[in-house]
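Secondary and tertiary structure notes
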Amino acid sequence: AEEEELGAEFSDEAAGALVKALPIVAGGFPSIVECLMSGDLYEEAEKYYYDEGDEFPLKYSSALKSIAITMHDETEFDPNEVADVEESTEPPRGSIAVILGDTPRQKVIEKEIDFFCKKAVEHLDGLEMRSEAIKALKIGANRICYKKKFYDAEKDKFVVFPSVTRALLEHEIYDIAQKKYYGLKDEFPLKYISALRSLAVEAGGAEEDTDEMEGMAADCESTDGFFENKRLPDMAYTARLEFMGTPDELFEKEPEPEVVTRGSTAKVLGDSPRQKCIERELNFFIKKAVDDEHLEEGMRDEAIKALKIAAGKFAYKRKMYDPAADVMRIFPSVANCLIDGSVYEEAEKHYYDKEDDYPLKYISALRSLGVELGGAEEEVEEWDAVAMDCESVDGFFDTKPLPQASEFEFSEHNMMDVEEEGGPTRGSTEKILGDTPRQKIIERDIDFFVKKAGEDHLEEPMRDEAIKALKTAVNQFAYKKKYYDAENDKFIIFPSVEACLIDQATYDAAEKKYYGLRDEYPLKYISVLRSLGVEVGGAEEDTTGMADNALDCESTDGFFEKKRLPDMYRTARLEFMGMPDELEYQEGPAPEVEKPETRGTTEKMLGDTPRQKCIERELDMIIKLAAEDHLDDAMRDEAIKGLKIAANQFAYKRKMYDAAADVIRVFPSVANCLIDGAIYEEAEKHY
């Protein structure tokens, strides 16, 4: 196997496990060769291979199986010894052995898998499933089934789950079975999966709500009395659910129109002051969505219920003392939660079926109301760092008034810019953030960039929803740190708004606040804002270099009182720094100067430590081999330089003692780094 299949040595740990497993399994086979062809040997060997959860390596079992099959095919059998072997090469079918252990749980799993596999014959044109597939399926079911138990208070009994019936509906069992089914590249047959899934639906597997039970479940002991008297699955379960009642119901009837109830204020959450407060505020928002004509009709009751459950998981969970205002802040408020995407993702889990999306029109309406009622003014991330958990009984909830409109409304002057009803409004300078000097500066800078984008780069002003999302996102990042620049004897407050506009993290955060969950922040806006960020020098800000020696920046720092607007000509001046004549008399674009292209350098790039010398030496060797064996010409010097700088960040950074080989392993090697994508992402920054 080492010479013909692996091209490397067989590990001592794997070989030792096989030696221990072979005497236990070999008795059931006519020869060692046939034993090696079976999966039983490798399952047994897995018990002796490192720890209990470690799987026996597939590359070793695959190599040994391949060798054994070749030897088996080349052996000339004595007809007398193989009289009972069929001339046909057809693999054995039907369940032929007990695969799992002797615990009550495993016995039940085997019995039920045998039951379903036997039933599957009706779906497989009368042909039984292959024994190897049944064996693989049992191993998969043993990993998943009957591992948890849940007390059903309504029926006063324990439910042990997930059942074999339920597992046969999910893909996980077939993924596990595929790994145990013949060779590495052999797929578990789709016709078996289809047949077993159909049977599982008939037996009621789809009715088992494992997700609902999982949160309050306990581990199930294999000896629980449940297994001793468990019956086989009921194949008529779904049929009875569908046709329960008089035989007349079997006749086809006209589908009844769906009755949709809307605008419910029914109580969904508990009786704690916090839960009552959340329900009261949500009822207010839901009514306001219709009253203010954000929605044409009331929200569906199912959507309201799902939203309340979701808000109950997020709203008013934390509290912190705000010394500036001398108040206790309980956050995030319902208004703030309605702006964030997380509450709608959670609500979607409780909205009708799993495949049903939470309606985008509801999300858009509620987000607008969340902003209108001050949700965007909460510094949730800033507060959370110094906050503690909030008790549901805190007196805050008993006296909390309903949300009020944000003090930062449109002025009459700005309202003149709103487009006619029916289209999105654009170019808003509405105040979104708070009243701190830092937030005022961020808003002013964003308004400046948005205006420049609309005037100079876009065919029309940016949408208000995009501006609002951008301000909220930039507020999470901009001007949060300060760094003392000893050379110029001054503090630098960073990252600036222009640096944030170049960073993708800003647009990822803005996307979460932009319309619905699946609405992407417009690429044309990102492209234009990035260009403007570069024009004013955002790319020259070394935020990474300053971050290591930076302090948190107070929002009240005097820096913000006297900060000017971004300088749109900064980059231009850097590019053309010199005599004014250079700008004035140059005719047409400056001719491009062709730089000589150098390749294959072995110039020293890194430091003098033994580790860095080793990395350079290995990279020079690999680069030379690449040019000789794989590339038409040598690599560019700039690419080599970028690669060496990147490799220096990753290679040979860790070490561990390998007890089996009695050596210290220093890793990852240069060779290993060259397989990983991270090194090329880093090299790209220096290329």
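Structural notes, computed from the coordinates. Predicted, not measured: the structure shown is a model, and the values here were computed from it.

Some thoughts on the pattern of salt bridges
For the coordinates displayed, the defined rule picks out 37 salt bridges. Across the pair Lys138 and Asp114 runs a salt bridge whose closest N-O atoms are separated by 3.0 Å. Taken together, the residues span a long stretch of sequence, with Lys138 in helix α7 (residues 131–144) and Asp114 in helix α6 (residues 104–119) at a distance of 24 residues. Looking at Lys138, the relative accessible area reads 1%, which means it is buried. Between Glu297 and Arg262 there is a salt bridge, with the nearest N and O atoms lying 3.2 Å from each other. Here Glu297, found in the loop between α13 (273–291) and α14 (301–314), pairs with Arg262, found in the loop between α12 (237–243) and α13; they are 35 residues apart in sequence, far enough to count as distant. Look at Glu297 and you get partly exposed, because its relative accessible area is 39%. Assessed through its relative accessible area of 32%, Arg262 is described here as partly exposed.

Concerning unusual backbone geometry
Phi is mostly negative for residues that are not glycine, and the peptide bonds are mostly trans. The peptide bond linking Phe331 to Pro332 adopts the cis configuration, its omega dihedral lying at -10°. Assignment of secondary structure puts Pro332 in the loop between β5 (327–331) and α15 (334–339). A cis amide bond links Phe667 with the next residue in sequence, Pro668, at an omega value of -10°. By the element assignment, Pro668 lies in the loop between β11 (663–667) and α31 (670–673). With a phi angle near 65°, Glu293 is a residue other than glycine that sits in the positive phi range. Along the chain, Glu293 turns up in the loop between α13 and α14. Overall, Glu293 belongs to the exposed group, its relative accessible area being 68%.

A short note on the packing of aromatic side chains
In the structure shown here, the tally under the stated rule is 23 aromatic pairs. On the basis of an interplanar angle of 70° and a centroid distance of 4.7 Å, the ring pair of Tyr351 and Tyr352 is categorised as edge-to-face. The class for Tyr351 is buried, based on a relative accessible area of 6%. Take Tyr352: its relative accessible area is 35%, and that puts it in the partly exposed class. Here the aromatic cluster, defined as three or more aromatic residues joined through ring pairs, consists of Phe10, Tyr42, Tyr49, Phe56 and Tyr60. One cation-aromatic arrangement involves Lys149 over Phe158; the distance from NZ or CZ to the ring centre is 5.3 Å.

Reading the values: the criteria
- Residues numbered from 1 in each chain as written.
- Predicted model: local features only at pLDDT ≥ 70, side-chain atom pairs only at ≥ 80, totals over all residues.
- Heavy atoms only, no water.
- Salt bridge = Lys/Arg side-chain N within 4 Å of Asp/Glu carboxyl O.
- Helix = DSSP H or I, 4+ residues; strand = E, 2+ residues; numbered from the N terminus.
- Buried < 20%, exposed > 50% of the residue type's maximum accessible area, 1.4 Å probe, protein only.
- Phe/Tyr/Trp six-rings, centres within 6.5 Å; stacked < 30°, edge-to-face > 60°.
- Lys NZ or Arg CZ within 6 Å of the ring centre and 35° of its normal.

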